[in-house]
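# Structure assessment
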Amino acid sequence: MEIVELIKTRSTCLRRQVGALIVKDKRILATGYNGAPMGCKHCTQVGCLRQQLGIPSGERHELCRGIHAEQNAIIQAAYSGVSVKGGTLYVTTQPCILCAKMIVNAGIRKIIFKGDYPDDLAMSILREAEIRVIKYEPPLSFIQD
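A brief structural summary. (Residues numbered from 1 in each chain as written. Predicted model: local features only at pLDDT ≥ 70, side-chain atom pairs only at ≥ 80, totals over all residues. Heavy atoms only, no water.)

### Topic: the pattern of salt bridges
A full pass over the atoms with the stated rule returns 4 salt bridges. We note a salt bridge from Lys 114 to Glu 5, for which the minimum N-O separation is 3.1 Å. With Lys 114 in strand 4 (residues 110-115) and Glu 5 in helix 1 (residues 2-7), the pair connects residues that are 109 residues apart, well separated along the chain. Among the residues examined, Lys 114 registers a relative accessible area of 33% and is labelled partly exposed. Take Glu 5: its relative accessible area is 22%, and that puts it in the partly exposed class. Ionic pairing is found between Lys 135 and Asp 116, a salt bridge with its closest N-O pair at 3.0 Å. Of the two residues, Lys 135 sits in strand 5 (residues 132-135) while Asp 116 sits in the loop between strand 4 and helix 6 (120-128), which places them 19 residues apart along the sequence. Overlapping salt bridges, with partners in common, bring together Glu 5, Lys 8 and Lys 114 in one network. (Salt bridge = Lys/Arg side-chain N within 4 Å of Asp/Glu carboxyl O. Helix = DSSP H or I, 4+ residues; strand = E, 2+ residues; numbered from the N terminus. Buried < 20%, exposed > 50% of the residue type's maximum accessible area, 1.4 Å probe, protein only.)

In C-alpha cells, the structure reads:
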C-alpha cells in the first residue's frame, strides 16, 4: 500500500489523487494513477470541469478528462501485452462502477483498497462477480514504554 501511495503523487487530478498497482505471483505487473489521456492537457493546466459544474464525487464520471488509476493500470498492462488475469489490485480508493466493471472483465480476482468511495453499485458488482474485496487496515504500531 505504501507503493500505491507513492504512485498517486503522479496524479494530475485537482480533486482526488488515486494510485493503483496490479500484482501477480508477488510481481508488479502495472501501475496507474488518475490523469488525462496521453498527449492531452492535464486538469492542472486547463482546470476541472467537474469542479466548475459542481458535480459531487461519485457522479457523472463521463464529465471528466481524466482516466481513473485502476483503468490506467489495466490499460498499461494491455499496452505492454501483460495479462492481469488472476491478479490482485491495490488501490488507494475503493473502485467506482466503471472501474469495477473493467476489473471484472480484466480477470482481476482480488482488490485491496484503502479509502472509501460513494459507490454501492460498484461493490455490489464486485461481490456478484465473486471478487475478493478487502479494505486495507494499516498494521498496528507497538507502543514502547
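### Things to note about the environment of Ile 134
In this fold, Ile 134 is placed in strand 5. For Ile 134, the residues in contact, after removing those within four places along its chain, are Lys 110, Ile 111, Ile 112 and Phe 113. (Contact = heavy atoms within 4.5 Å.)

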